[in-house]
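If you want the building blocks of each chain, they are given just below.
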Amino acid sequence: MSEPGIRTRRSEAVTVLTLVLLAITVVALLTAGQPAPDRVQELAQTLRCPVCQSVSIADSPSDTAVAMRQVVAEQVAQGRSDTEIVAYFRARYGDWVLLDPPTGGVTLALWLVPPAVSVVGVALVWARARSRPRTGPEPELDDPDRARVDAAVARARARARTDREDQP
């Protein structure tokens, strides 16, 4: 009598083991198809193209960008750190060459102005909302107005009843 229970447990264990192996295989296949991040490409994404000006040297087709990518590749091959490579380009082009400007010095305003403008905008909207005059409850209808409304409602109901009766 205990043998069917053992077979069920073995069957469950085999199923679980198969699913685990399948999951490991799928993960291995998915990650094997993705190349490791290329350091040259990552650095090229952070540097601005001097010709295109709004595009990184990784995305720019200009000859200058191609030459700059070559310099980055050579410096990576020489074993220089990312900081040294960025410093090399900053020395030649200034902070302008960085797509994300540093958060200090003259460029500090680039980082502080957007949040400051947002805070001022929210404060203005809040102040404007508070300064709007509050309307009180709707005034009550006097007797003649109430009689006209009641008569209009009665006519509308009678018309609706008539329309329903006329329909086949």
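Residues numbered from 1 in each chain as written. Predicted model: local features only at pLDDT ≥ 70, side-chain atom pairs only at ≥ 80, totals over all residues. Heavy atoms only, no water.

Enquirer: Lay out the overall build of the chain with the relevant residues and their values.
Expert: What the chain contains, in helices and strands, is 6 helices and 0 strands. Across the 168 residues of the chain, 14% fall into the buried class. Once local pairs closer than 6 in sequence are excluded, the contacts in the chain between residues at least 24 apart make up 40%. (Helix = DSSP H or I, 4+ residues; strand = E, 2+ residues; numbered from the N terminus. Buried < 20%, exposed > 50% of the residue type's maximum accessible area, 1.4 Å probe, protein only. Contact = heavy atoms within 4.5 Å.)

Enquirer: How would you sum up the packing of aromatic side chains? Please name residues and give values.
Expert: Evaluated as defined, the whole model comprises 1 aromatic pair. Both rings, one in Y88 and one in F89, keep their centres 5.2 Å apart while their planes meet at 90°; by these two values the pair is edge-to-face. The partly exposed category is assigned to Y88, whose relative accessible area is 26%. (Phe/Tyr/Trp six-rings, centres within 6.5 Å; stacked < 30°, edge-to-face > 60°.)

Enquirer: Could you give an account of a nonpolar patch on the surface, with specific residues and numbers?
Expert: Among the surface-exposed residues, V16, L17, V20, L21 and I24 lie close enough to one another that they form a single nonpolar patch of about 470 Å² accessible area. With respect to the secondary-structure elements, V16 resides in helix 1 (residues 2-32). (Patch = residues over 30% accessible without salt bridge, like charges linked within 9 Å, V, L, I, M, F, W, Y side chains within 5 Å. Areas by Shrake-Rupley, 256 points an atom, 1.4 Å probe, with all protein chains shown as cover. Salt bridge = Lys/Arg side-chain N within 4 Å of Asp/Glu carboxyl O.)

Enquirer: Describe in detail the environment of V66, supporting the description with residues and values.
Expert: Within the element layout of this structure, V66 appears in helix 3 (residues 63-77). Residue classification places V66 among the partly exposed positions, given a relative accessible area of 40%. Put simply, V66 and C49 are 17 residues apart on the chain and 9.5 Å apart in space, counted from C-alpha to C-alpha.

Enquirer: Now, about the packing of helix 2 (residues 39-46) against helix 3: what can you tell me, with residues and values included?
Expert: The geometry of helix 2 relative to helix 3 is characterised by a closest axis approach of 9 Å and an angle of 135° between their N-to-C directions. Between helix 2 and helix 3, the crossing angle belongs to the class labelled oblique. Between helix 2 and helix 3 the crossing geometry is right-handed. When helix 2 is examined against helix 3, the residues R39, V40, L43 and A44 are found in contact with a partner set consisting of R69, V72, A73 and V76. (Axes fitted to C-alpha atoms, helices over the stretch in contact; angles between N-to-C directions. Parallel < 35°, antiparallel > 145°, perpendicular 65-115°, else oblique. Left-handed = near helix turned anticlockwise from the far one by under 90°.)

Enquirer: Can you explain the layout of surface pockets? Please cite residues and give values.
Expert: Of the pockets and cavities examined, the largest pocket occupies roughly 150 Å³. A total of 4 residues in the lining of the largest pocket trace back to one element, the largest contributor, which is helix 4 (residues 82-93). Residues of the lining of the largest pocket, tallied by class, amount to 4 nonpolar, 2 polar and 2 charged. (1 Å grid on protein atoms, 1.4 Å probe; cavity = no way out; pocket = protein on both sides within 12 Å on 5 of 7 lines; lining within 4 Å. Points joined across faces, edges and corners; volume = space filled by probe spheres on them. Nonpolar A, V, L, I, M, F, W, Y, C, P; charged D, E, K, R; others polar.)

Enquirer: Which residues make up the nonpolar core, and what values do they have?
Expert: By size, the foremost hydrophobic cluster in this structure holds 16 residues, and its most contacted members are L47, I57, V72 and F89. Within the residue set of this core, elements represented by two or more residues are helix 2, helix 3 and helix 4. For this core, the element with the highest residue contribution is helix 3, accounting for 4 residues. Sequence-distant contacts of V72, defined by excluding residues within four places in its chain, comprise V40, L43, L47, I57, I85 and F89. (Core = buried A, V, L, I, M, F, W, Y, C linked by side-chain atoms within 4.5 Å.)

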